[in-house]
Amino acid sequence: MEGQQSPATAAQGGPGASLCGAIPAPAGHLAVGCTRAPCMGRAGLGAPEGHSSPGDVGFGDSSQLGFSRSTQFQPCEGAVRSVSCGMAGEEDFFLEEKRFRQFCEEFVKHSQQIGDGWEWRTSKDLGDGYLCKTHFQVRNRHIPPDLKEKNNDNAEQILFAHVEEPSDECQAAAVCGTEETVRYEYHVLYSGSYQVPVLYFRACFLDGRPLTLDEIWGSVHASYQARLQEGPWDTITQQEHPILGQPFFVLHPCRTNEFISAVLRGSQEQHRHTNYITLWLSTVGPVVGLNLPLSYAKVAPEQSTAVAERALS
Amino acid sequence: MTDDKDVLRDVWFGRIPTCFTLYQDEITEREADPYYLLLPRISYLTLVTDKVKKHFQKVMRQEEVSEIWFEYEGTPLKWHYPIGLLFDLHASNTALPWSITVHFKNFPEKDLLHCHSKDVIEAHFMACIKEADALKHKSQVINEMQKKDHKQLWMGLQNDKFEQFWAINRKLMEYPPEDNGFRYIPFRIYQATTERPFIQKLFRPIASGGQLHTLGDLLKDVCPSAITTEGGDRRFLTHCTRCSVFPQNLSLR
């Protein structure tokens with residue numbers, strides 16, 4: 001995300017400039033806690049006033065959040081708009097499952113063209129499925145205590161290098177020799193109950209030991225710092241994967257529909273094709289270390305132009 | 001819903017007599033006796049087993065104890081499923097008491113969610129309630145409630161207070177008179193034998209012609225392989241949870 005933009009200007013920014021329009025977060029409203037790493041199993045991290053209970057995790061749950069919205073949305077006359085929720089003033093842009101699959105298909109096609117590693121997996125029993133990507137990342141292990149004592153200054157430098165300059169990871173790792181490969185797995189599933197996509201993820205070392213949420217945060221924390229003030233409210237909990245039945249971490253972007261609706265409305269008005277999955281994933285992915293190359297934003301509908309346009313109108 | 005109060009009470013107060021035994025490889029300072037407990041069907045293992053934990057920790061050294069987890073005949077038990085569901089899935093054909101093995105080491109990371117505090121259970125419980133209301137009322141009823149109402153649902157469950165719970169839950173089980181039912185029925189069909197934990201789909205209580213759908217209609221639509229005409233023992237156990245409380249007889253309304 002590029003900064004404090006109103007949804008309208010973000011949409012006009014053109015596909016290359018910004019992949020999404022962010023709702024400016026109210027001042028002082030922390031998204032995922034940057035004062036300390038979230039611990040596993042806790043929801044509702046860094047809660048603003050009035051939003052205290054971990055039981056308040058929910059999708060599109062803005063009426064539970066204790067702050068008032070700083071951006072006013074225009075009511076939309078588009079045919080796709082569903083009934084306004086009233087209470088929170090939400091005007092939701094629901095994603096139907098078949099459209100979800102169409103957007104995923106388009107997304108995977110582009111991923112294949114640029115070698116970005118996404119694929120669609122269909123479940124054998126019921127024919128539903130999900131987007132999936134695995135990638136490996138080398139990360140620094142914590143400096144062992146004896147090294148710390150011997151080279152106090154060096155260790156500090158190395159630690160800082162890791163946190164502030166992730167690109168220097170390899171250099172730092174070479175210096176202290178404690179690099180480890182981590183396997184990250186990201187799944188995008190469709191929630192029929194909320195009619196939004198949901199991001200599931202997990203990570204493990206090569207020996208199979210899973211990373212805890214703290215450990216995952218250690219590696220994405222720095223790069224997300226810049227986005228904390230701007231992103232929509234996010235929480236992470238551990239949940240059972242609905243198709244595989246295994247524990248995954250799940251990102252619950254509250255108010256998904258709000259920020260998605262704002263941008264998609266802009267695209268609609270300009271008769272521009274926007275892939276919902278690209279828009280959504282480019283917004284929520286960076287929270288958990290998942291980045292999309294900008295070329296996704298330039299994807300134009302191919303022969304499916306008519307279908308895709310109809311999907312948004 | 002008021003005429004179903006007897007059914008609601010029966011479900012709420014349903015209990016499963018359980019015998020907890022410490023896993024034999026856990027290291028103890030003296031022999032650990034089994035611990036017997038009546039488990040509420042509608043609650044969660046980690047919410048109702050504080051006494052079990054205390055009982056076994058008495059015979060163990062502090063350093064041998066990490067996160068508790070439960071297992072039945074080699075299968076780790078998912079604490080985030082209601083107890084009655086776990087029993088129906090894994091042990092419904094066996095003699096009572098239900099024998100559960102207690103572990104304090106080697107937490108099965110690939111099978112079980114962590115449960116480091118009661119807050120985690122509350123968050124999970126409330127997420128289920130909210131998802132059910134998203135299906136029933138497009139989240140309107142749950143979102144209009146105050147935080148204290150949400151808390152009352154949780155406290156009612158935690159403290160086994162039927163009236164306290166249903167004072168709030170009844171609002172989640174109502175619909176305007178002009179509608180004929182919920183928007184969609186919140187349901188899940190669990191099978192012990194599949195990798196997929198449950199089947200959940202959008203399903204309306206009223207057919208397009210206006211007639212009420214029955215449980216049979218739902219099964220036919222969602223899980224047709226379950227209602228074959230071949231012989232064989234296919235049993236459907238309806239566990240009424242707070243996400244899908246409706247009478248066991250035919251109508252889904």
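Predicted model, so just to flag it, every value in this text is computed and none were measured. (Residues numbered from 1 in each chain as written. Chains lettered and ligands numbered in written order. Predicted model: local features only at pLDDT ≥ 70, side-chain atom pairs only at ≥ 80, totals over all residues. Heavy atoms only, no water.)

Asks: Where do I start with the packing of helix α2 (residues 97-114) of chain A against helix α8 (residues 276-284) of chain A in this structure?
Replies: Two packed helices can be described by the angle between their axes and the distance between those axes. All names here are of chain A. The interhelical angle for the contact between α2 and α8, taken along N-to-C directions, is 75 degrees, at an axis separation of 8 Å. As far as their axial angle goes, α8 and α2 are roughly perpendicular. Between α2 and α8, the residues in contact are Phe 100, Phe 103, Cys 104 and Phe 107 and Tyr 276, Ile 277, Thr 278 and Leu 281, respectively. Partitioned by chemical class, the residues of the contact of α2 with α8 number seven nonpolar, one polar and no charged. (Axes fitted to C-alpha atoms, helices over the stretch in contact; angles between N-to-C directions. Helix = DSSP H or I, 4+ residues; strand = E, 2+ residues; numbered from the N terminus. Parallel < 35°, antiparallel > 145°, perpendicular 65-115°, else oblique. Contact = heavy atoms within 4.5 Å. Nonpolar A, V, L, I, M, F, W, Y, C, P; charged D, E, K, R; others polar.)

Asks: Looking at this model, I keep getting lost on the environment of A:Phe248. Mind explaining?
Replies: All names here are of chain A. Relative to the helices and strands, Phe 248 is located in strand β6 (residues 247-253). Taking the C-alpha atoms as reference, Phe 248 lies 5.6 Å from Gln 238; in sequence the two are ten residues apart. Residues contacting Phe 248, with those up to four places away along its chain left out, are Glu 185, His 187, Tyr 200, Phe 201, Arg 202, Thr 237, Gln 238, Gln 239 and His 241.

Asks: Even after reading the chapter, I still don't get the sheet that holds strand β4 (residues 75-76) of chain B, so can you show me in this structure?
Replies: Picture the strands of a sheet paired through backbone hydrogen bonds; they go either parallel or antiparallel. Residue and element names in this part refer to chain B. One open sheet accounts for five strands, arranged β2-β1-β5-β3-β4; its pairing is mixed. In the strand order of this sheet, the two ends are held by β2 (35-40) and β4, each with one partner. Note that strand β1 (residues 15-22) and β2 share six bridges and pair antiparallel. Bridge assignment links Thr 18 to a residue of β2, and that residue is Leu 37. (Pairing = 2+ DSSP bridges.)

Asks: Would you mind showing me how to read the environment of A:Leu251 here?
Replies: Within the secondary structure, A:Leu251 sits in strand β6. Between the C-alpha atoms of A:Leu251 and A:Thr237, which are 14 residues apart in sequence, the distance is 6.9 Å.

Asks: I keep staring at the UniProt feature "domain: Autophagy protein ATG5 alpha-helical bundle region" (unreviewed entry) in chain B and nothing clicks. Help me out?
Replies: Mapped onto this numbering, the UniProt entry gives "domain: Autophagy protein ATG5 alpha-helical bundle region" (unreviewed entry) at residues 119-174 of chain B. With 84% helix and 0% strand, residues 119-174 of chain B has its two end C-alpha atoms placed 28 Å apart. (UniProt positions renumbered as here; feature names shortened; annotations may be inferred.)

Asks: Got a minute to help me understand the packing of aromatic side chains in this structure?
Replies: The description of an aromatic ring pair rests on the distance of the ring centres and on the angle between the ring planes. Under the criterion given, the structure shown has 22 aromatic pairs over all chains. Centroid distance A:Phe107 to A:Trp118: 5.6 Å. Interplanar angle 75 degrees. Geometry classified as edge-to-face. Note that A:Phe107 is positioned in helix α2 and A:Trp118 in the loop between α2 and β1 (119-122), a separation of eleven residues in sequence. Considered together, A:Phe107 and A:Trp118 belong to a single accessibility category, that of buried residues. Feature note: the residues B:Trp12, B:Phe13, B:Phe162, B:Phe165 and B:Trp166 constitute an aromatic cluster, connected by ring pairs. B:Lys136 extends its terminal NZ or CZ atom over the ring of B:Phe182, reaching a point 5.3 Å from the ring centre. We note B:Arg188 situated over the ring of B:Phe198; from NZ or CZ to the ring centre the distance is 4.1 Å. (Phe/Tyr/Trp six-rings, centres within 6.5 Å; stacked < 30°, edge-to-face > 60°. Buried < 20%, exposed > 50% of the residue type's maximum accessible area, 1.4 Å probe, protein only. Lys NZ or Arg CZ within 6 Å of the ring centre and 35° of its normal.)

Asks: Teacher, can you tell me more about α8(A) here?
Replies: Every α-helical turn comprises 3.6 residues, leaving residues that sit three or four positions apart pointing alike. All names here are of chain A. Most of α8 is tucked away: nine of the nine residues are buried. For α8, the set of buried residues is Tyr 276, Ile 277, Thr 278, Leu 279, Trp 280, Leu 281, Ser 282, Thr 283 and Val 284. A side-chain oxygen of the first residue of α8 lies 2.8 Å from the backbone nitrogen of Ile 277; this N-cap is Asn 275. (Polar contact = N/O pair within 3.5 Å; in protein donor to acceptor, adjacent residues only side chain to side chain.)

Asks: Is there a simple way to think about the side chain of A:His273 in this case?
Replies: When you line up the elements, A:His273 lands in the loop between α7 (256-269) and α8. Side chain to side chain, A:His273 and A:Glu106 meet in a polar contact 2.8 Å long.

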